[in-house]
Amino acid sequence: MMNHFMILAVLLPLRTCYTTYSREESIVFPVTYLNISKDLALQRLLVEWDVDKSAHDAELAMSFEIQVRRTDETSTMWTAFHNTTLDKSGKPLHWIWDSDIPLECMAHTVRIRSKAEASKIWSQWSLWETVLGLDTSNNSGPQIFPNEKIVEEGSDITLCCIGRKGQTLEKFFLVPAVHVFSHTDSQVRLLTVKNVSHQGVPHFTVYCQESCNEEQCYDHAIFFVGKSPDAPNDFSCQTQDMRTVTCTWSQGGDTYLYGGHSPKYTLYEEFSQKKVPCTVSCSEQCSCSWDIGQQRILNITVTVENPLGKKTATDVFDVTHRIYPAAPSQMWEECTDTKITLYWKHQNKGIELFCQTEVLLPDGKVELHNSSDTHLHYASQSITLDGLQPYTEYTTRVHCGAAKYFWRWSEWSEAQTIRTNEAIPSGKLDIWREITPAQGGRNVTLFWKQAPSFQANGENISYEVTWGKVEDGSKSESISFSSVYNSTRISIDNHSYKISITAKNNVNYSLPSVLIIPSTTDTKELKEEQVNGTDDGIFITWEPRHIYDNYIVDWCNFPMLQPCDLQWRKFGPNTSSALINSAAFIPGVRYNFQIYGSVANKASLLEKKTGFLRELPPILDPVVEKVELTSNAVTLSWDSYPANESQCGFVRGYHVYVSPLQEDCSLKGSQKHVLPDDSVLCKYTIENPEEKRYTVKYLLSNTKYKLVVKAYTGGGETPIVNFLYVDTPLNSNKLYLLVLLVIVPALVAAICRWKMKWVKECCCPVIPSPDKSKVLSFKEFKIGSEKVLKISDCIPDMLAVDSKAEAQKLRPWSQLSSMTTDDKIDDHNSSCIYVNENEERDFTPTPTPQTHTWFENFAYSSHLAVESDPYQLPETIEASKPELSIVLYQPHLYFDICKEGVASTLREAAGRKTNLRYVSQTDVHCLGRKP
């Protein structure tokens, strides 16, 4: 029983809590009041509403859902949530909605519902509350909104045009044209411009037109595009006399708004809560000045504002720490030759100032000198500048600042140019000489210039030259020159002379500069050494000698002119090199340098140098004066080519270029050289500039070559333009060989063919062979074992008759001359011979003259020998019978030895063994003739 009551006691509170919680979850507080108004200036909807008082009393945390609807054709709707905690004051709730289009364009409606945060149930929506646009009003014509005509650059703007009831809007556009988004209905049209820009024009114009053409059917509006002003830069305030304060600032960038829309500046003092009574003026900077009275600490705020916005800047300061003194005025000076005392006045009485003087030196450098004179009660100050050069102009100016609380320097005073007083010239002149031989002595040209250490220290400068002999101390001569002269020439004999030159101004003379001209002595000729130029000058060196006090290097700036503008430089005893430079040096000109050593004012020539600032290629090419040709070589000569000072560089040697006309060159001993047109030449290099003759070898005979000779310097050589063309002759050795190998054999062969028989007899003599003789070819007549020849069985080659008388007996011309051709031809066995009367054989004569007559058989062409017997050699016959009278038959004359008359005659001759010889016939045919 006890447990039952305990359970009831626990459950009863739980039920109560659950019931309370369930009631809170289900309680809603609908909107009891809703009001909407328009803020046309800001284009906002102001929404005001409230709920039941019990919700305020319970101080409930509530959420409200707000919906805004625009009554256009699309019924656009926006939804927003507003969370708040109610209080017991019972004040209505407020919410603001910014419209993206002018509220005048169309009606907007709003409704709200609520929910306690502890509840899950929303209340019912309130009724729609509507705020009307001007689209429902009776207008006299179309209207464009918004009314505000200034648009901030970079923003988006939506424009609308509302037409009259019963009218349709036909046109709505901008000039100048920009990209827009449009939306329209019959009475209201919208234009949306994104990211509005200035576009270089101060404004753009909107036009709206209804479908009618009357004047009231049109409307237009002008809109200005600008920017909100920048915050004032470098805003600060200062004073010159602690009574008047001036504030300055930079006005920032252009806002593109002018006239009544331009930025407006106002100043406000926060401590006194008063607007600063000043007028702002702006040019490069803006400034504003006013009287502060006795106030010493100020808090100034400057505000700049235009229709698109406003910006501010603030400066808080103590006036005593912002003193900006006025510039010094009424300046004057006192001078000596090395000192200037400068005086000035200032307007800042009662303010301790610290001043600074700027001095512009003659060399362009600037020096600053601080003044320690800080008198409080005097209106003037001074400063002394010492260590200055005599008779020299200096430009000075002064500015000052507060000594106790320095803020900034004042403006500079007006610049003052002051010249110090004259003094004796300081330093010595730099002098030099040029000695040339003359009849009976020497001419000495003297030069002088103001050394860097020399100062004229005055005006009306003149120069005095004095000279005299060193040995006998005779009276010196002197001559004076004005400041426009820097050289003179004097004539002296061969004695030693002392020369001095001084400068003089209105105060006194300078220290003398002295030269000793030694007596004439024979000097050896020095060889010139070549030196090289650089981008900065010509670098020369010399061998140092410890006996000299200094060294002098001289040269001519214009070596090709007279006078040549002699220049010189002096160097200390420990110097052995120098870079000589001059504005007159130009490339391609040869400059000669002489190095002198000087001791006790007496100079001696030590070395000679010559060089170029930069070598250039030779002006002229060598002219080939002589060309010697062989079949495989060509020798070129250019003896008259100059390699001296007339050139634009040191001639280092020569290049000889060779090439055949029709092909690239590959001659032995040459280098390949490619021209700009890609043609190839053979290059030979001659490194000795005195060698002006060269032989190009290994050429081809009977070939045309192009050649050119170029001189080269350290600057190279000129481009190849013109060539020399040569033709190598034909090789005579080859011609001789051709004659020996071709022409001579051909000639011999021609002669041999022309004199074939003679050649045959000379070169191929026939040695008769008895075995091959037809003499042994007979038949049926033998004596014992030997055959016996019968005359009728053979045709002899030739008959030799010892005496002319017997030959006459055998000569058949008269008898056979009238024979017919048929009579002249016999059968094979007939003995027919002919007489060859065109050919004679000569035999060597002997002391016993004998006459023989030969009869040759035309059927054979063998070489015939005369024998005393059938086996005797012809040489024997010739030796024994040196003189033969040879009678030959003509080829066309024949006779038959078998005929009775002829046969008897032949027999008679045969009977005389010593008078008639038989020469056998043979089958050897050297010349190819067949029997």
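Above this note sits the structure.
The rules behind the values
- Residues numbered from 1 in each chain as written.
- Predicted model: local features only at pLDDT ≥ 70, side-chain atom pairs only at ≥ 80, totals over all residues.
- Heavy atoms only, no water.
- Pairing = 2+ DSSP bridges.
- Helix = DSSP H or I, 4+ residues; strand = E, 2+ residues; numbered from the N terminus.
- Axes fitted to C-alpha atoms, helices over the stretch in contact; angles between N-to-C directions.
- Disulfide = S-S within 2.5 Å.
- Buried < 20%, exposed > 50% of the residue type's maximum accessible area, 1.4 Å probe, protein only.
- Salt bridge = Lys/Arg side-chain N within 4 Å of Asp/Glu carboxyl O.
- Polar contact = N/O pair within 3.5 Å; in protein donor to acceptor, adjacent residues only side chain to side chain.
- Phe/Tyr/Trp six-rings, centres within 6.5 Å; stacked < 30°, edge-to-face > 60°.
- Lys NZ or Arg CZ within 6 Å of the ring centre and 35° of its normal.

Brief notes about the sheet that holds strand β6 (residues 108-116)
Consideration 1: With antiparallel pairing, four strands are arranged side by side in an open sheet as β4-β3-β6-β7. A strand with exactly one partner marks an edge of an open sheet, and here the two such strands are β4 (77-85) and β7 (129-131). Averaged over all neighbouring strand pairs, the angle between strand axes comes to 25 degrees, with direction disregarded.
Consideration 2: Note that β6 and β7 share three bridges and pair antiparallel. The residue of β7 that forms the bridge with valine 110 is glutamate 129.

Let's talk about the state of the cysteines
Consideration 1: Counted by the stated rule, this structure contains eight disulfides.
Consideration 2: In this model cysteine 212 forms its disulfide with cysteine 217; the gap between the sulfur atoms is 1.6 Å. Looking along the S-S bond of the cysteine 212-cysteine 217 disulfide, the torsion reads about -115 degrees, which is the left-handed sense. Like cysteine 217, cysteine 212 is buried.
Consideration 3: A disulfide bridge connects cysteine 237 with cysteine 247, and the sulfur atoms are separated by 1.8 Å. Between cysteine 237 and cysteine 247, the disulfide has an S-S torsion of 100 degrees and is therefore right-handed. Pair noted here: cysteine 237 is in strand β16 (residues 233-239) and cysteine 247 is in strand β17 (residues 244-250), with a separation of ten residues, a long-range link. Here cysteine 237 matches cysteine 247 in class, with each residue buried.

Quick word on the pairing of strand β47 (residues 653-660)
Consideration 1: Burial within β47 is extensive, with eight of its eight residues counted as buried.
Consideration 2: Both β47 and strand β51 (residues 704-712) contribute to a ladder of eight bridges, which runs antiparallel. Bridge pairing in β51 places tyrosine 654 opposite alanine 711.
Consideration 3: Relative to strand β49 (residues 680-686), β47 runs antiparallel, the two sharing five bridges. For valine 656, the partnering residue across the bridge sits in β49 and is tyrosine 684.

Let's talk about the pattern of salt bridges
Once the charged atoms of two side chains with opposite charge are near each other, the side chains can pair.
Consideration 1: In the structure shown here, the tally under the stated rule is 22 salt bridges.
Consideration 2: The residue aspartate 241 makes a salt bridge to arginine 243 at a minimum N-O spacing of 3.5 Å.
Consideration 3: For aspartate 241, a relative accessible area of 31% gives the class partly exposed.
Consideration 4: Aspartate 727 is paired through a salt bridge with lysine 704; the nearest N and O atoms lie 3.1 Å apart. With a gap of 23 residues between them, aspartate 727 in strand β52 (residues 724-727) and lysine 704 in strand β51 connect regions that are remote in the sequence.
Consideration 5: Each member of the salt-bridge network shares a partner with another, and the members are Glu529, Arg545, Glu607 and Lys609.

A short note on the side chain of histidine 655
Consideration 1: Looking at the element boundaries, histidine 655 is found in strand β47.
Consideration 2: Here the side chain of histidine 655 touches tyrosine 657 through a polar contact of 3.5 Å, side chain to side chain.

A few points about the sheet that holds strand β32 (residues 441-450)
Consideration 1: Across the sheet, three strands lie side by side as β31-β32-β35; this open sheet has antiparallel pairing. Either end of the sheet is taken by a strand with one partner, and the two such strands are β31 (429-438) and β35 (487-492). This sheet shows a mean twist of 20 degrees between the axes of neighbouring strands, independent of strand direction.
Consideration 2: Here ten bridges tie β31 to β32, and the two strands are oriented antiparallel to one another. Bridging across to β32, alanine 438 finds its partner in glycine 441.

Points about the packing of aromatic side chains
Consideration 1: Tallying each qualifying case throughout the model produces 26 aromatic pairs.
Consideration 2: With 5.7 Å between their ring centres and 50 degrees between their planes, tryptophan 448 and tyrosine 463 make a pair best called tilted. Note that tryptophan 448 is positioned in strand β32 and tyrosine 463 in strand β33 (residues 462-469), a separation of 15 residues in sequence. There is no split in this pair, since tryptophan 448 and tyrosine 463 are both buried.
Consideration 3: Between tryptophan 448 and phenylalanine 481 the ring centres are 5.6 Å apart and the planes differ by 40 degrees, which places this aromatic pair in the tilted class. A residue pair is termed long-range when its members are at least 10 positions apart, and tryptophan 448 in strand β32 and phenylalanine 481 in strand β34 (residues 477-482) qualify at 33 residues. Here tryptophan 448 and phenylalanine 481 have matching classes, each one buried.
Consideration 4: Among the aromatic residues, those joined into a ring-pair cluster are Trp448, Tyr463, Phe481 and Tyr485.
Consideration 5: Seen from the ring of tryptophan 122, lysine 115 lies directly overhead, with NZ or CZ sitting 5.5 Å from the centre.
Consideration 6: When the ring centre of tryptophan 432 is taken as reference, the NZ or CZ atom of arginine 433 above it lies at 4.5 Å.

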